[in-house]
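# Structural description and commentary
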2 protein chains.
Amino acid sequence: MKYWSDLVSSIKPYIPGEQPQDGGYIKLNTNENPFPPSSAVIAAIARACNELRLYPPPMADELRDQIARYFGIKPEMVFVGNGSDEILAFCYPAFFVGKAPILFNDITYSFYEVYSELFSVKYRKVPLEADFNIVGAAFTPPNGGIIIANPNAPTGVALSLGEVEAIVANNRESVIVVDEAYIDFGGESAIPLLTTYENLVIVQTLSKSRSLAGLRVGFALANPQLIQALARIKDSFNSYTLDRLAIAGAKASFEDEEYFARTRREIIAIREQTASALRQLGFVVLPSKANFLFASHSQMAAKELYEKLKGVGILIRYFNKPRIDNHVRISIGTAQDMRDLVVALRLIIGA
Amino acid sequence: MKYWSDLVSSIKPYIPGEQPQDGGYIKLNTNENPFPPSSAVIAAIARACNELRLYPPPMADELRDQIARYFGIKPEMVFVGNGSDEILAFCYPAFFVGKAPILFNDITYSFYEVYSELFSVKYRKVPLEADFNIVGAAFTPPNGGIIIANPNAPTGVALSLGEVEAIVANNRESVIVVDEAYIDFGGESAIPLLTTYENLVIVQTLSKSRSLAGLRVGFALANPQLIQALARIKDSFNSYTLDRLAIAGAKASFEDEEYFARTRREIIAIREQTASALRQLGFVVLPSKANFLFASHSQMAAKELYEKLKGVGILIRYFNKPRIDNHVRISIGTAQDMRDLVVALRLIIGA
């Protein structure tokens, strides 16, 4: 197109799951939490409305301090951003630009490749095993950096803390970004490694386990030098990436530990019940440590499953991509959502 | 620093005005609006809290439609972002990367240069005249794009619609971004040119004239092809840059035209009264079409004025930069804020 840069013409943007705004679907396609956020979040947002005429604090200090307290680390080890996506994007100019090719898995969060194109960062894809397990030993120097989703997306398969540590320890000369978007649903966070490894960046989000996809808040934990690099990129892009309401609401979410613990426990329980029910219907279901299941069925193509479910008002995610185009990803909804799903699948499969 | 990219080491981030969070200052340093947002905004935010567990619509459709209606254009000509800063940043990879050097003024919003560094875009600075007027005729082809603040920052000096049109018409081969962050305080918007020129991008913000600095919402208006390019960059960076509360609050702001008209009229009136009072104290005050004044005084250095005002609890902006290091920028506060300022300045100047 005239006026477009070559970059904008050539880049293939990330395609998020469908977001129908009419509310007519059982929505199991974008890994949203079926429970509302803690009521403390709503109260905090109402209070923060009083100062909307003023810019927010550029480093969202209150929220940063709260996250630091929550994890028992220094505020200088915390960076907050407009969803974990924005922080992952910032990692590229901060750590990867101008270096050797970075490494990520062939099947993982597809934004990693898009960021590479956006920031002209070279990359090499590390294949998963046939059963979708991550091969930690395949991440070797030399490389310009590593980015790993743990648990992985869209498979839900997790690495143990020891496996993550081996990758970080074997690649001390580059920055390892561990994307823990789904860690609260049963995986082992790499946070204990932060005191030992100065090349580790852990990125988490409030979108999934804290029911705040609509508020756009994520955070990174790392040694202060790496956090400083992220802050320098933010300050070269947008001084204030979190609005006052997001800062206040996110902070309140960390103050209601009981609600957080209860809802994530419930999602894990619903996930395990759903996995059993799907296996009884003949699905092959990967072991998941996330708030979704990745599954395939020998009697029906994934695309057809997706379409038939959509036809009866249930949205799941189908990826038309090599290696995973016969799998579907199903987010964990309420117990009732999942009963409805299983009933629909039983009819569709004819089991 | 170890692990930093060369880019993050070399870049000089934008430095926003001080944001003391203790509330003890009369804050005239970051061009915030002294009036709160419309009460309709707060009510809309409260309603939007119900759906925080769900991702927002990726293109913020409701807000986009509302802005389109407001300006009488098609929704395909509207793009919304996390403050106008984020949109200005997106313009670089969308339109400028890989092209000839872009042009912007030597004295203007300093983020334009930072974005150039962040996205490795070459640039050439076009000097303002001695009296800080913009020389429209100095923006000539060949260039890879042009970015102009109208009114200009931090001077407040505006181009007429005819002057803007001449720049756009003389540079039909490149994209002209007109940053109208302050346009609602008396300048002439370039919006009427959109029907004629397909190379024009107009960027505005809700931070100043709509009292929503704390909500982080800006928008761009342009022909649908250019809007598509911005959307492709957004979708390669962060699928959801505006949270649900920002979308709802911003939309409500456009629905309360009476409040908008009244508050901006009042700010313009206070600006003119303050300019007169400053001139009576011996200040040279540039003609401003913004919600701030840019002024100097022959009897006292700008840095000293800034420091002495800070000492008595009044924050204004001082830029330690060539050509403008003997000027201060004073945001327009309430009538009472400005009376307090004038009293303090009278004592400081000893007039």
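This one's a predicted model, so the numbers in the text were calculated from it and none came from an experiment.

## Things to note about the interface of chain B and chain A
The interface of chain B with chain A comprises 78 residues on the first partner and 78 residues on the second. When the two sides are added together, the surface that chain B and chain A hide from each other amounts to roughly 6900 Å², 58% of it contributed by carbon and sulfur. Taken together, the links from chain B to chain A amount to 2 salt bridges. For Glu 173 of chain A, the salt bridge is made with Lys 2 of chain B, and the minimal N-O distance between the two is 3.6 Å. The interface formed by chain B and chain A includes 42 residue pairs in polar contact (both at pLDDT 80 or more).

## Thoughts on the pattern of salt bridges
All names here are of chain B. Enumeration over the complete set of coordinates arrives at 28 salt bridges over all chains. Residue Lys 251 is joined to Glu 255 by a salt bridge in which the shortest nitrogen-to-oxygen separation is 3.0 Å. One end of the pair is Lys 251 and the other is Glu 255, both in helix α8 (residues 244-255) and 4 residues apart, which spans about a single turn. Judged by relative accessible area, which is 49%, Glu 255 ranks as partly exposed. The closest approach of N and O atoms between Glu 304 and Lys 308, which form a salt bridge, is 3.1 Å. With Glu 304 and Lys 308 both in helix α10 (residues 302-311) and 4 residues apart, the pair spans about one turn of that helix.

## Some points on the pairing of strand β5 (residues 146-149) of chain B
A regular strand places its side chains so that they alternate between the two faces of the sheet. Residue and element names in this part refer to chain B. Burial along β5 is two-sided: Ile 146 and Ile 148 facing one way and Ile 147 and Ala 149 facing the other are all buried. Where β5 meets strand β6 (residues 176-179), 4 bridges bridge the pair, whose relative direction is parallel. Residue Ala 149 lies in a different strand from β6, and its bridge partner there is Asp 179. As a crossover connection, the stretch from β5 through helix α6 (residues 161-170) into β6 is right-handed.

## Some words on the relation of the copies chain B and chain A
Least-squares fitting of chain B to chain A yields an RMSD of 0.0 Å, with the transformation described by 0.0 Å of translation along the axis and a rotation of 180°. Each copy turns onto its partner about a two-fold axis. The position closest to the rotation axis in chain B is occupied by the C-alpha of Ala 46 of chain B, lying 3.5 Å away. Interface residue correspondence from chain B to chain A reaches 100%, placing this contact among same-surface, isologous pairings.

## Some remarks on the sheet that holds strand β13 (residues 328-331) of chain A
Residue and element names in this part refer to chain A. Strand order in this open sheet of 4 strands is β9-β10-β13-β12, and the pairing throughout is antiparallel. Single-partner strands in this sheet number two, and they are β9 (283-285) and β12 (317-318). Pairing geometry for β9 and strand β10 (residues 292-297), over 3 bridges, is antiparallel. When the sheet's bridge partners are listed, Phe 283 is paired in β10 with His 297. Strands β9, β10 and β13 of the sheet are contacted by helix α11 (residues 335-349), whose axis makes an angle of about 150° with β13.

## Let's talk about the sheet that holds strand β10 (residues 292-297) of chain B
All names here are of chain B. With antiparallel pairing, 4 strands are arranged side by side in an open sheet as β9-β10-β13-β12. Both outer strands of the open sheet, β9 (283-285) and β12 (317-318), are each paired with one neighbouring strand and no more. In this sheet, strand β13 (residues 328-331) lies alongside β10 in antiparallel orientation, the contact comprising 4 bridges. Residue Phe 294 lies in a different strand from β13, and its bridge partner there is Arg 329.

## Looking at the packing of aromatic side chains
To describe a pair of aromatic rings, you give the distance between the ring centres and the angle between the ring planes. What the rule picks out here adds up to 43 aromatic pairs over all chains. Counting every residue linked through ring pairs, the aromatic cluster contains Tyr 14, Tyr 92, Phe 96, Phe 104, Tyr 109, Phe 111, Tyr 112, Tyr 115 and Tyr 123 of chain A. Sitting above the plane of the Phe 254 of chain A ring, Arg 210 of chain A keeps its charged end 4.0 Å from the centroid. Across from the ring centre of Phe 260 of chain B, 3.8 Å away, lies the NZ or CZ of Arg 210 of chain B, which sits over that ring.

## What about the confidence of the model for chain A?
Residue-level pLDDT values for chain A average 97, and 99% of them are 70 or greater. For this predicted complex, the interface confidence comes out at an ipTM of 0.97, alongside a pTM of 0.97.

## Concerning unusual backbone geometry
Note the cis peptide between Ala 153 of chain A and Pro 154 of chain A, where omega equals 0°. Cis geometry is found at the peptide bond from Pro 141 of chain B to Pro 142 of chain B, where omega equals -5°. The backbone of Ser 120 of chain A sits at a positive phi, close to 50°, despite the residue not being glycine. On the secondary structure map, Ser 120 of chain A appears in the loop between α5 (111-118) and β4 (123-126).

## Brief notes about the side chain of Lys 27 of chain B
If you trace the backbone, Lys 27 of chain B turns up in strand β1 (residues 26-27). One polar contact links Lys 27 of chain B to Asn 29 of chain B, side chain to side chain, over a distance of 3.1 Å.

## Overview of the environment of Phe 35 of chain A
Structurally, Phe 35 of chain A can be placed in the loop between β1 (26-27) and α2 (39-48). Sequence separation between Phe 35 of chain A and Thr 334 of chain A is 299 residues; the distance between their C-alpha atoms is 7.6 Å. Ignoring sequence-local partners within four residues, the contact set of Phe 35 of chain A consists of Ser 211, Tyr 259, Thr 263, Glu 266 and Ile 267 of chain A together with Arg 53 of chain B.

## Section: the domain arrangement of chain A
All names here are of chain A. Partitioning chain A into structural domains gives domain 1 (17-36 + 261-350) and domain 2 (39-255). A separation of 26 Å is found between the C-alpha centroids of domain 1 and domain 2. At the interface, 25 residues of domain 1 touch 26 residues of domain 2. The largest per-residue losses of area from domain 1 upon contact with domain 2 belong to Arg 264, Lys 289 and Arg 323, which jointly make up 33% of the total buried on that side. If you look at where domain 1 meets domain 2, you find 2 salt bridges. Between Asp 184 and Arg 264 there is a salt bridge, with the nearest N and O atoms lying 3.6 Å from each other. At the junction of domain 1 with domain 2, the criterion picks out 11 residue pairs in polar contact (both at pLDDT 80 or more). Secondary-structure elements contributing two or more residues to the side of domain 1 that touches domain 2 are α9 (257-280) and β10. If you tally residues by element for the side of domain 1 that touches domain 2, the top one is α9, at 4 residues. Broken down by class, the residue content of the side of domain 1 that touches domain 2 amounts to 12 nonpolar, 6 polar and 7 charged.

Calculation notes
- Residues numbered from 1 in each chain as written.
- Chains lettered and ligands numbered in written order.
- Predicted model: local features only at pLDDT ≥ 70, side-chain atom pairs only at ≥ 80, totals over all residues.
- Heavy atoms only, no water.
- Contact = heavy atoms within 4.5 Å.
- Buried area = accessible area lost by both parts, 1.4 Å probe.
- Salt bridge = Lys/Arg side-chain N within 4 Å of Asp/Glu carboxyl O.
- Polar contact = N/O pair within 3.5 Å; in protein donor to acceptor, adjacent residues only side chain to side chain.
- Helix = DSSP H or I, 4+ residues; strand = E, 2+ residues; numbered from the N terminus.
- Buried < 20%, exposed > 50% of the residue type's maximum accessible area, 1.4 Å probe, protein only.
- Pairing = 2+ DSSP bridges.
- Right-handed = clockwise from strand over helix to strand, strands pointing away.
- Least-squares fit on C-alpha atoms with pLDDT ≥ 70 in both.
- Axes fitted to C-alpha atoms, helices over the stretch in contact; angles between N-to-C directions.
- Phe/Tyr/Trp six-rings, centres within 6.5 Å; stacked < 30°, edge-to-face > 60°.
- Lys NZ or Arg CZ within 6 Å of the ring centre and 35° of its normal.
- pLDDT = per-residue confidence, 0-100.
- Domains from an automatic or database assignment.
- Nonpolar A, V, L, I, M, F, W, Y, C, P; charged D, E, K, R; others polar.

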